[in-house]
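Structural overview
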Amino acid sequence: RYTEADRLLTAGIDGLPADRRPRAFGEEAMWHYKRGLARLALRRKQFEDEHRNIREQLLRSELERAQRRAAFLSEASSIMVATSLDSNATLAALARLAVSRFADWCAIHSIDPDGTLTRAAVTHSDPRLDKPLTDLIDHSLSDRWRARVSSVASTGRSHLQVRLQPDTWFDAGGVDPDLLEGLA
């Protein structure tokens, strides 16, 4: 089947009717064309610069996070070495470190040799809440909390609770609602 494209290839441009032949551009049209190309090139350069800046910001951000993680691990290791003979002091220091770096409060539990779940350390960013929080954890943990802590202890994989729903983790009967609100 013979198409228009085949005809153009065999006849060339001269074979086109006059109204379908490409026009020659004048100087003004060529200037506008070149100006458009220059604008496109400038926009592409701006886009590439923005893209490079965003990538650099992301890389800097990743580097800073990695440095913070390394500093945290280094400090945690120092604490563990310095207090390795006293496990309660070690865990309390680690809880304080977690609160100083990224948590509002931290509770660390351990499992005794007989398999009993024991609160080892509790720290809150507001020292006035340490005692009420400790009492709350000692007396009002929900079964869900106990199951989560037991799972962490048995698997060895930590759990970071980003948002705490107090009514989910604590048996709220008789607990100060302000304290529960402060934990959320």
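Our structure's up above, just so we're on the same page.
Our subject in this report is the structure included herewith.

Scoring rules and cut-offs
- Along each chain, numbering runs from 1 in the same order as the chain's sequence is written.
- Whole-chain, interface and lining totals are the exception, using all residues; otherwise, since this is a predicted model, local features are given only for residues with pLDDT of at least 70 and side-chain atom pairs are given and counted only at 80 or more.
- Each side-chain value is derived from all of the structure's non-hydrogen atoms; neither hydrogens nor water enter the calculation.
- Orientation is described by lines fitted to C-alpha atoms, with helices fitted over the stretch in contact, and by angles between N-to-C directions that extend from 0 to 180 degrees.
- Each helix corresponds to a stretch of at least 4 residues labelled H or I by DSSP, and each strand to a stretch of at least 2 residues labelled E; elements are numbered beginning at the N terminus.
- What sets the label is the angle itself: under 35 degrees gives roughly parallel, over 145 gives roughly antiparallel, 65 to 115 gives roughly perpendicular, and the rest give oblique.
- Crossings are classed by handedness, with left-handed meaning an anticlockwise turn of the near helix from the far one by less than a right angle and right-handed meaning a clockwise turn.
- Contacts between residues were defined by any pair of non-hydrogen atoms, one from each residue, lying within 4.5 Å.
- In this count, Pro and Cys sit with the nonpolar residues alongside Ala, Val, Leu, Ile, Met, Phe, Trp and Tyr, while Asp, Glu, Lys and Arg are called charged and the others, Gly among them, polar.
- Residues belong to a common nonpolar core when they are buried Ala, Val, Leu, Ile, Met, Phe, Trp, Tyr or Cys residues joined through side-chain atoms within 4.5 Å.
- Only protein chains enter the accessibility calculation, which uses a 1.4 Å probe. A residue is then buried if its area is under 20% of the maximum for its type, exposed if over 50%, and partly exposed in between.
- Within 3.5 Å is the distance limit for a polar contact, defined as a pair of N or O atoms, with the added protein rule that one can donate a hydrogen and the other accept it, and that residues adjacent in sequence qualify only through two side-chain atoms.
- Strands qualify as paired when DSSP identifies two bridges or more between them.
- Within this document, salt bridges are pairs made up of a side-chain nitrogen of Lys or Arg and a carboxyl oxygen of Asp or Glu, the two lying within 4 Å of each other.

1. What to know about the packing of helix α2 (residues 27–82) against helix α3 (residues 87–101)
- In contact at an axis separation of 9 Å, α2 and α3 are set at 160° when each is read in the N-to-C sense. Our classification of the angle between α2 and α3 gives roughly antiparallel. Here α2 runs over α3; the crossing is right-handed. On α3, the residues that touch R68, A71, F72, E75, A76, I79 and M80 of α2 are T90, A93, L94, L97, A98 and R101.
- A class-by-class count of the residues in the contact of α2 with α3 yields 9 nonpolar, 1 polar and 3 charged.

2. Focus on the nonpolar core
- Counting 11 residues, the largest nonpolar core is built from A76, I79, A93, L94, A95, L97, A98, V99, C106, I108 and A121.
- Contributing elements (two or more residues each) for this core: α2, α3 and β1 (105–111).
- The element contributing the most residues to this core is α3, with 6 residues.
- The residues touching A76, leaving out its near neighbours within four places in the chain, are L94 and L97.
- Of all hydrophobic cores here, the second largest spans 7 residues; its members include L133, I137, W145 and V149.

3. Digging into the environment of L97
- Relative to the assigned elements, L97 resides in helix α3.
- Each C-alpha atom of the pair L97 and E75 lies 8.2 Å from the other, and the pair is 22 residues apart in sequence.
- Sequence-distant contacts of L97, that is, excluding residues within four places in its chain, are made with F72, E75, A76 and I79.

4. Quick notes on the environment of D126
- Locating D126 in the fold gives a position in the loop between β2 (117–124) and α4 (130–140).
- Residue class for D126 comes out partly exposed when judged on its relative accessible area of 22%.
- Distance from D126 to V99, taken between C-alpha atoms, is 9.8 Å for residues 27 residues apart in sequence.
- A distance of 2.8 Å separates the side chain of D126 from the side chain of R128, its partner in a polar contact.

5. What about the pairing of β2?
- Summarising the sheet, β1 and β2 pair through 7 bridges and their orientation is antiparallel. Looking at β2, one finds that I108 is bridged to A121.
- A loop of 5 residues connects β1 with β2, the two strands running antiparallel in sequence, and G115 in this loop sits at a positive phi of about 90°.

6. Looking at the pattern of salt bridges
- Enumeration according to the criterion identifies 6 salt bridges in this entry.
- Note that D49 is salt-bridged to K45, the shortest N-O span being 3.0 Å. Of this pair, D49 and K45 both sit in helix α2, 4 residues apart, roughly one helical turn.
- Of the residues examined, D49 reaches a relative accessible area of 24% and is grouped as partly exposed.
- The salt bridge involving D126 is made with R128; its shortest N-O contact spans 2.8 Å.
- The exposure class assigned to R128 is exposed, which follows from its relative accessible area of 69%.
- Because the salt bridges share partners, they merge into one network encompassing K45, D49 and R52.

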